[in-house]
Amino acid sequence: ELKVEQNPLFLSMQEGKNYTIYCNYSTTSDRLYWYRQDPGKSLESLFVLLSNGAVKQEGRLMASLDTKARLSTLHITAAVHDLSATYFCASYAGKSTFGDGTTLTVKP
Amino acid sequence: DTEVTQTPKHLVMGMTNKKSLKCEQHMGHRAMYWYKQKAKKPPELMFVYSYEKLSINESVPSRFSPECPNSSLLNLHLHALQPEDSALYLCASSQDAGRTGTYGYTFGSGTRLTVV
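All values reported here derive from a predicted model rather than from experimental measurement.

1. Looking at the overall build of chain B
Then, in step 1: A tally of regular secondary structure across chain B gives zero helices and 11 strands.
Then, in step 2: Whereas a compact globule of 116 residues would reach a radius of gyration of roughly 13 Å, chain B reaches 13 Å, a difference of no more than 12%.
Then, in step 3: Considered along the principal axes of its C-alpha atoms, chain B spans approximately 40 × 25 × 20 Å.
Then, in step 4: Sorting the 116 residues of chain B into buried and exposed places 50% on the buried side.
Then, in step 5: Across chain B, every contact between residues at least 6 apart in sequence was considered, and the portion connecting residues at least 24 apart equals 56%.
Then, in step 6: For chain B, the exposed area adds up to about 5,700 Å²; of that, 50% sits on carbon and sulfur atoms.

Okay, structure coming up:
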């Protein structure tokens, strides 16, 4: 059974700082997704990573995938308050399995 | 149209009621999904429909009954629910169950269900 672990589960950052969220998964996977969820809202797709070494960037967020290490990272550059949300990774092996999520709070 | 539309947005139902959740997409996606999400938890997969056929049932209790009348519509029929079934129910779609395209799954805004 595929297991997905995210860390940290809670992250409080100051504006302007950089940080990385880690997503480890337990078995071979076809692809890795990152989603954002604002409180009381649905999930917004951020990135789909399809192959080893894949790197995608959108604004202050950059995601990467290392399939050999079974690790994906979501790097936040120069955080701003608007990035405050819960971020989920999900790994796909026949179906998607979500990590527990990282709740990010960016403080001024 | 790049949206998944879910109705109703909120639903309060008694344990003896029968109700239905509705999900609609017009993106030509051939896979549709129901997820359940409890507060501060990740979404949990319930059902997957691929080309209008049920392909995955994650051992969901029979009080939840999915239906896919056509490639654009997905329903979730609810009957004799328990208070612990209160949650956010999310519908999602993708190009097909084996491919998610460039953008992964598209999620609807969800139905917040309260069982009293």
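After presenting the structure, the write-up continues.
2. A short note on the sheet that holds strand 3 (residues 19–25) of chain A
Residue and element names in this part refer to chain A.
Then, in step 1: Pairing in this open sheet of five strands is antiparallel, and the strands run 1-3-8-7-6 from one edge to the other. Bordering the open sheet on either side are strand 1 (4–7) and strand 6 (55–58), each of which pairs with just one other strand. Strand-to-strand, the axes of this sheet are offset by a mean angle of 15°, without reference to chain direction.
Then, in step 2: Relative to strand 8 (residues 71–76), strand 3 runs antiparallel, the two being bridged by six bridges. Bridge pairing links Tyr22 to Thr73 in strand 8.

3. Quick word on the state of the cysteines
Then, in step 1: Within this structure, the stated rule accounts for two disulfides over all chains.
Then, in step 2: What pairs with Cys23 of chain A in a disulfide is Cys89 of chain A, and their sulfur atoms sit 2.0 Å apart. Negative torsions about the S-S bond denote left-handed disulfides, and the value of about 85° found for Cys23 of chain A with Cys89 of chain A makes this one right-handed. Remark: Cys89 of chain A occurs in strand 9 (residues 85–92) and Cys23 of chain A occurs in strand 3; sequence separation between them is 66 residues.
Then, in step 3: On the basis of relative accessibility, which here comes to 0%, the residue Cys89 of chain A falls in the buried class.
Then, in step 4: With its sulfur 1.9 Å from that of its partner, Cys23 of chain B forms a disulfide with Cys91 of chain B. With the S-S bond torsion at -70°, the cross-link from Cys23 of chain B to Cys91 of chain B turns out left-handed.

4. So, the environment of Tyr35 of chain A
Then, in step 1: Along the chain, the position of Tyr35 of chain A falls in strand 4 (residues 31–37).
Then, in step 2: For the pair Tyr35 of chain A and Phe47 of chain A, spaced 12 residues apart in the sequence, the C-alpha separation amounts to 7.2 Å.

5. Comments concerning the nonpolar core
Then, in step 1: If you look at the biggest cluster of nonpolar residues, it comprises 24 residues, and the most contacted ones within it are Leu32, Trp34, Leu74, Ile76, Tyr87 and Leu104 of chain A.
Then, in step 2: Those elements giving two or more residues to this core turn out to be strand 2 (10–14), strand 3, strand 4, strand 5 (43–49), strand 7 (61–66), strand 8, strand 9 and strand 11 (102–107) of chain A.
Then, in step 3: One finds Phe64, Leu78, Ala87 and Val115 of chain B within the second-largest nonpolar core, a separate group that totals 22 residues.

6. Quick notes on the pairing of strand 7 of chain A
Residue and element names in this part refer to chain A.
Then, in step 1: Going residue by residue along strand 7, you find Leu61, Ala63 and Leu65 tucked away on one face and Met62, Ser64 and Asp66 left uncovered on the opposite face.
Then, in step 2: Here strand 6 runs beside strand 7; their pairing, made up of four bridges, is antiparallel. Within strand 7, the position partnered with Gln57 by the bridge is Met62.
Then, in step 3: As consecutive antiparallel partners, strand 6 and strand 7 are separated by two residues, and within that stretch Gly59 has a phi angle of approximately 60°, a positive value.
Then, in step 4: As judged from the six bridges shared by strand 7 and strand 8, these two strands associate in the antiparallel manner. Note on strand 8: the bridge partner recorded for Met62 is His75.
Then, in step 5: The turn joining strand 7 and strand 8, which pair antiparallel and follow one another in sequence, is formed by four residues; a positive phi near 55° is taken by Arg70.

Rules of the game
Residues numbered from 1 in each chain as written. Chains lettered and ligands numbered in written order. Predicted model: local features only at pLDDT ≥ 70, side-chain atom pairs only at ≥ 80, totals over all residues. Heavy atoms only, no water. Helix = DSSP H or I, 4+ residues; strand = E, 2+ residues; numbered from the N terminus. Rg over C-alpha atoms; globule rule 2.2 N^0.38 Å. Buried < 20%, exposed > 50% of the residue type's maximum accessible area, 1.4 Å probe, protein only. Contact = heavy atoms within 4.5 Å. Areas by Shrake-Rupley, 256 points an atom, 1.4 Å probe, with all protein chains shown as cover. Pairing = 2+ DSSP bridges. Axes fitted to C-alpha atoms, helices over the stretch in contact; angles between N-to-C directions. Disulfide = S-S within 2.5 Å. Core = buried A, V, L, I, M, F, W, Y, C linked by side-chain atoms within 4.5 Å.

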